[in-house]
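Below are the chains, spelled out letter by letter.
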Amino acid sequence: DKILQMDEHQIDLCTASLVLSNEWGSPKTLHRYRNKVDQMAEEILERLEEKRLIADYRAIPIVNEYLFDELMFMTVETADNPEDLFLHTVIDERRGYCLSLSVLYLSIAERIGMPLYGVVVPGHFFVRYDDGLNKYNIETTSKGGIAPDQHYIDKFKPPDKDNSLYMKNLTKKQTLGCFFNNLGNSYSAVNEIDNARIALERAVKINPNMGEAHTNLGNIYLKKGWFQDAIDQYLISIEIIGGEYKTHNNIANAYSIAEQYQKAIYHYNKCINLKPDFLDAYRGLADVYRKQKIFNKAVYGLKKAINIDINDAKSYKQLGDVYMDMTNHGAAITQYQKAIALSPGLAGANTNLAYAYYNTSRLDEAVQHFNTALGLDPYDINAYFGLALTYNALGFTDSEIETYLALLQIEPNSLGALQNLGNAYITKQMYDQAIEQYSKALNIFPENATILYNLGVAYANLENYEMAIEEYSKVISLEPDNATVHNAIAISYYMLKERDLCKKHVRIAHSLGFKVQPELLKLIKD
């Protein structure tokens with residue numbers, strides 16, 4: 001914070017970068033690494049003096065030879081490790097990516113008096129020599145090779161707008177803002193979302209005209225479920241960068257989650273117009289139509305995606321999901337089978353195929369694919385639940401109980417599992433165990449009439465009629481016209497020889513159309 005409040009001429013980029021190493025990376029001795037950069041600068045100055053050169057554009061080959069040929073600084077293959085962004089790592093490991101190698105290059109240039117500046121384009125960073133007369137773009141990821149402006153314009157397509165900072169000479173503070181943007185991306189790549197958010201919020205504060213930083217911050221807000229905040233960042237990015245297809249796709253995703261479907265459709269179509277082969281947009285658009293139950297458009301969009309890439313397993317799986325919603329289980333099975341053939345480990349495809357088999361009474365095949373799904377993901381609660389339902393349909397109550405118990409080890413508060421496990425125990429006449437599961441379920445949903453009734457049934461089977469009546473009474477307070485419960489409470493009162501109360505509920509059950517037992521009907525006729 002103190003560095004960012006300084007005037008530009010007061011900031012030493014090397015020192016600022018090493019402060020960030022201490023704050024964000026592994027704590028290091030700042031002076032030790034600054035001395036190493038000083039020594040590199042002194043070595044280059046000596047070589048320039050030997051050749052009777054000053055630190056102008058002619059120094060570029062000298063710096064390149066020293067850094068890349070002698071010291072063997074090189075580029076990392078992937079820019080997804082936050083540590084590779086820090087200057088101390090670049091110095092220790094002699095490796096980095098575009099921004100971190102450029103920070104080292106700029107730190108040395110600052111010490112020898114070379115007029116070098118950082119330059120950013122969407123997805124890339126390089127340095128530029130600019131003395132007012134001569135200008136050279138230096139690629140630190142290509143051993144200091146020189147590239148013309150047109151190379152970056154053609155490859156990275158930076159927006160040509162006054163309100164963006166792309167392709168311009170950056171100040172030291174703006175370079176630090178780019179550092180925070182890259183740092184945020186690196187933390188996001190290793191799923192450290194809160195660290196990513198802090199870094200990216202700093203990036204947009206320093207560089208409000210850097211569209212990428214707004215997009216990346218929007219992505220983090222989306223992951224945190226802050227949909228409107230994400231949308232706001234994406235809109236700022238679009239204003240700066242213009243029609244970048246991924247940004248339109250991201251904002252469409254946010255609108256979809258926020259259930260603003262027409263805006264989502266608009267931006268998915270904008271994305272597709274900009275990049276007609278971008279499959280994520282077709283899948284996102286289909287998902288929006290599916291949420292609105294406009295199934296014909298969802299099917300049409302996914303078939304277009306499959307025409308673009310016939311080997312895209314995700315599109316087949318999603319098409320199967322749409323057919324499931326349409327209760328066209330046969331068509332769903334066909335699509336899931338195609339998805340699994342292309343990608344046997346695709347999450348959810350085996351689970352959903354198993355449900356399609358369950359819905360068509362192909363129970364043995366359902367068991368097979370639920371087990372396959374659990375082999376791929378032992379924490380797939382949906383697969384456990386479906387497998388238990390299938391065992392219930394097969395009459396395999398012991399296996400059903402075992403499966404629900406496994407599910408509850410993962411998700412102890414699964415209301416459906418607790419209720420169905422209680423039902424399974426009732427089937428096995430294990431009433432105490434049933435009561436235990438129903439009681440847990442009622443801790444989650446105290447006014448669930450079905451579970452209260454089932455709990456009453458369990459108590460009645462244990463001949464604990466007082467407790468059965470207590471639970472049945474709770475159901476009646478929620479559902480006064482529930483004939484089944486009036487009949488059940490009448491039986492409990494009958495067993496307790498409470499004839500007047502028994503008669504009261506027999507009359508109500510009978511008046512509601514319930515087929516009351518003849519023995520109980522006789523009571524109200526006497």
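Since this is a predicted model, take the numbers as computed values, not measurements. Sequence order as written defines residue numbering, which begins from 1 separately in each chain. Per-residue local features of the predicted model are confined to residues with pLDDT of at least 70, and side-chain atom pairs are confined, for both listing and counting, to 80 or more; whole-chain, interface and lining totals are unaffected and use all residues. Working from all heavy atoms in the structure, the side-chain values ignore hydrogens and water.

K.L.:
Residue-level account of the sheet that holds strand β5 (residues 135-139), with values.
P.N.:
A strand pair is defined by DSSP finding two or more bridges across the two strands. Numbering of helices and strands starts at the N terminus; helices are DSSP runs of H or I of at least 4 residues and strands are runs of E of at least 2. The strand order across the open sheet built from four strands is β3-β4-β5-β6, with neighbouring strands paired in antiparallel fashion. Across the chains shown, the open sheet's two edge strands, defined by having one partner strand only, are β3 (116-121) and β6 (145-147). The sheet shows a mean angle of 40° between the axes of neighbouring strands, taken without regard to direction. Summarising the sheet, strand β4 (residues 124-130) and β5 pair through four bridges and their orientation is antiparallel. Between N-to-C directions, angles span 0 to 180 degrees; the directions come from axes that are lines fitted to C-alpha atoms, helices contributing only their stretch in contact.

K.L.:
Quick rundown of the pattern of salt bridges? Include the residues and the values.
P.N.:
Salt bridges are defined by distance alone: a side-chain nitrogen of Lys or Arg within 4 Å of a carboxyl oxygen of Asp or Glu. For the structure on display, the rule yields 24 salt bridges. The shortest N-O distance in the salt bridge between E436 and K440 comes to 3.6 Å. In this pair, E436 and K440 are both assigned in helix α22 (residues 431-444), four residues apart and thus about one turn of the helix distant. Each member of the salt-bridge network shares a partner with another, and the members are D12, D38 and R111.

K.L.:
Could you give an account of the nonpolar core, with specific residues and numbers?
P.N.:
Among the nonpolar cores identified, the biggest contains 168 residues, and L67, F73, L104, Y105, M114 and L116 are the most heavily contacted of them. Residue contributions to this core peak at ten residues, all from helix α5 (residues 98-112). Beyond its immediate chain neighbours, meaning those up to four positions away, L67 contacts M40, M72, F73, L104, Y105 and I108. For the purposes of this section, nonpolar cores are sets of buried Ala, Val, Leu, Ile, Met, Phe, Trp, Tyr and Cys residues that join through side-chain atoms within 4.5 Å. Whether a residue is buried, partly exposed or exposed follows from its accessible area with a 1.4 Å probe, protein chains only, as a fraction of its type maximum: under 20%, in between, or over 50%, in that order. If you look at the next biggest cluster of nonpolar residues, it comprises seven residues, including V119, V121, Y152 and M167. Residue contacts are counted whenever heavy atoms from the two residues lie within 4.5 Å of one another.

K.L.:
Outline the packing of helix α15 (residues 313-325) against helix α17 (residues 349-359), listing residues and values.
P.N.:
At a closest axis distance of 10 Å, the pairing of α15 and α17 adopts a crossing angle of 30°. Considered as vectors, α15 and α17 are oriented roughly parallel to each other. In this structure, the crossing between α15 and α17 has a hand that is left-handed. Only A349, N352, Y355, A356 and N359 of α17 make contact with α15, whose side of the interface consists of K317, D321 and M324. Residues are sorted three ways: Asp, Glu, Lys and Arg are charged, Ala, Val, Leu, Ile, Met, Phe, Trp, Tyr, Cys and Pro are nonpolar, and all the rest, Gly among them, are polar. Its residues assigned to classes, the contact of α15 with α17 shows four nonpolar, two polar and two charged. Relative orientations are named as follows: roughly parallel for angles under 35 degrees, roughly antiparallel for angles over 145 degrees, roughly perpendicular for angles from 65 to 115 degrees, and oblique for any other angle. Definitions for this section: a left-handed crossing has its near helix turned counterclockwise from the far helix by less than a right angle. A right-handed crossing has that turn clockwise.

K.L.:
With reference to specific residues and values, describe helix α18 (residues 363-376).
P.N.:
What a helix is expected to span follows from its residue count: subtract one and scale by 1.5 Å. Spanning 14 residues, α18 covers 20 Å between terminal C-alpha atoms, matching the ideal 20 Å at 1.5 Å per step. For α18, the full list of buried residues reads L363, A366, V367, H369, F370, A373 and L374.

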